[in-house]
Amino acid sequence: MTSDVVDKESVGLEMSIGMEPEGPAIEANWLDPEEMRAWRVYIEASDRLHGVLNRSLQVKHGLTMDDYRILVFLSEAPDRSLRMSDIADGIVASRSKLTHQIRRLEHAGMVVRAGCPSDKRGVLATLTDEGLRRLERAAPDHVADVRHFMIDAMTRRQLRTIGDAFEKVGNQCELAALAEATKVRGRTPKSSKE
């Protein structure tokens, strides 16, 4: 059954080369054929969907999916501004990756950064008028692509099912991240649901 083993990267568990896992090895609770099919179809389809949406945004609007998500997130915030740490938590990105993305958006005139008045250590990112204009131009094409490649491929019942299922998956992942952060840092991080 080793051919059905899911590699560490595909489930988001990365280890440094040469690092051994801690503790005793556990017996695997292997996926049955139906579970394996669901897992593999999800991974393959989500990668393909992300790829086609990303390529479309890049070709038509010079934006990546990550850029688009940041612009949307900022557009929905009060005064189109958020702390960098809140953006990272909201789009599930590392602080360093987000800093790089924001820097690129800033160079393109779509975002500006400034100190946070309520917290001297914090940095605010604000969507500029140019950023909002670019988002408003990209949104109709992006929504049409999402509709074509995902929404129209499913029935309303399938959409509800997938929405309910991945809400549960997201909640499980968030709980695991909160538990890990608590263990590593010795404190309880803020949940994105708060």
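Please read these numbers as outputs of a predicted model, since none were measured by experiment.

Attention shifts here to the sheet that holds strand E1 (residues 81–83). Taken together, three strands build an open sheet; the order of strands is E1-E3-E2 and the sheet is antiparallel. Each end of this open sheet is capped by a strand with a single partner; those strands are E1 and strand E2 (111–116). Taken over all neighbouring pairs, the strand axes of this sheet differ in orientation by 30 degrees on average, direction set aside. Where E1 meets strand E3 (residues 119–127), three bridges bridge the pair, whose relative direction is antiparallel.

Every other side chain in a regular strand lies on the same face of the sheet, so the side chains alternate between the two faces. The pairing of E2 with E3 spans six bridges and is antiparallel. From the neighbouring strand, Val112 faces E3, where its bridge partner is Thr126. Counted along the chain from E2 to the antiparallel partner E3, the turn is two residues long.

The biggest cluster of nonpolar side chains holds 24 residues, and the ones touching the most others in it are Ile70, Leu71, Leu74, Ile87, Leu98 and Val111. Per-element tally for this core: the top contributor is helix H2 (residues 65–75), with five residues. Setting aside residues no more than four positions away along its own chain, Leu71 makes contact with Leu63, Leu105, Met110, Val111, Leu127, Gly131 and Leu135.

Within the element layout of this structure, Ile151 appears in the loop between helix H5 (129–149) and helix H6 (156–185). When near neighbours in sequence (up to four residues on either side) are disregarded, Ile151 contacts Val146 and Leu159.

Quick look at the pattern of salt bridges now. This structure, assessed with the given rule, holds eight salt bridges. Where Lys60 meets Asp145, a salt bridge forms, and the shortest distance between an N and an O atom there is 3.7 Å. Residue Lys60 is found in helix H1 (residues 33–61), and its partner Asp145 is found in helix H5; the two are separated by 85 residues along the sequence. Asp145 sits in the buried class, given a relative accessible area of 12%. With a shortest N-O distance of 2.7 Å, Arg80 and Asp129 are connected by a salt bridge. Of this pair, Arg80 sits in the loop between H2 and E1 while Asp129 sits in helix H5, and the two are 49 residues apart along the sequence. The exposure class assigned to Arg80 is partly exposed, which follows from its relative accessible area of 22%.

Where H2 contacts helix H3 (residues 84–91), the axes come no closer than 11 Å and their chain directions differ by 120 degrees. By the criterion of interaxial angle, the relationship of H2 to H3 is oblique. Between H2 and H3 the crossing geometry is right-handed. Across the interface between the two elements, Arg69, Ile70, Phe73 and Leu74 of H2 pack against Asp86, Ile87, Gly90 and Ile91 of H3. Broken down by class, the residue content of the contact of H2 with H3 amounts to five nonpolar, one polar and two charged.

What counts, and at which threshold
Residues numbered from 1 in each chain as written. Predicted model: local features only at pLDDT ≥ 70, side-chain atom pairs only at ≥ 80, totals over all residues. Heavy atoms only, no water. Pairing = 2+ DSSP bridges. Helix = DSSP H or I, 4+ residues; strand = E, 2+ residues; numbered from the N terminus. Axes fitted to C-alpha atoms, helices over the stretch in contact; angles between N-to-C directions. Core = buried A, V, L, I, M, F, W, Y, C linked by side-chain atoms within 4.5 Å. Buried < 20%, exposed > 50% of the residue type's maximum accessible area, 1.4 Å probe, protein only. Contact = heavy atoms within 4.5 Å. Salt bridge = Lys/Arg side-chain N within 4 Å of Asp/Glu carboxyl O. Parallel < 35°, antiparallel > 145°, perpendicular 65-115°, else oblique. Left-handed = near helix turned anticlockwise from the far one by under 90°. Nonpolar A, V, L, I, M, F, W, Y, C, P; charged D, E, K, R; others polar.

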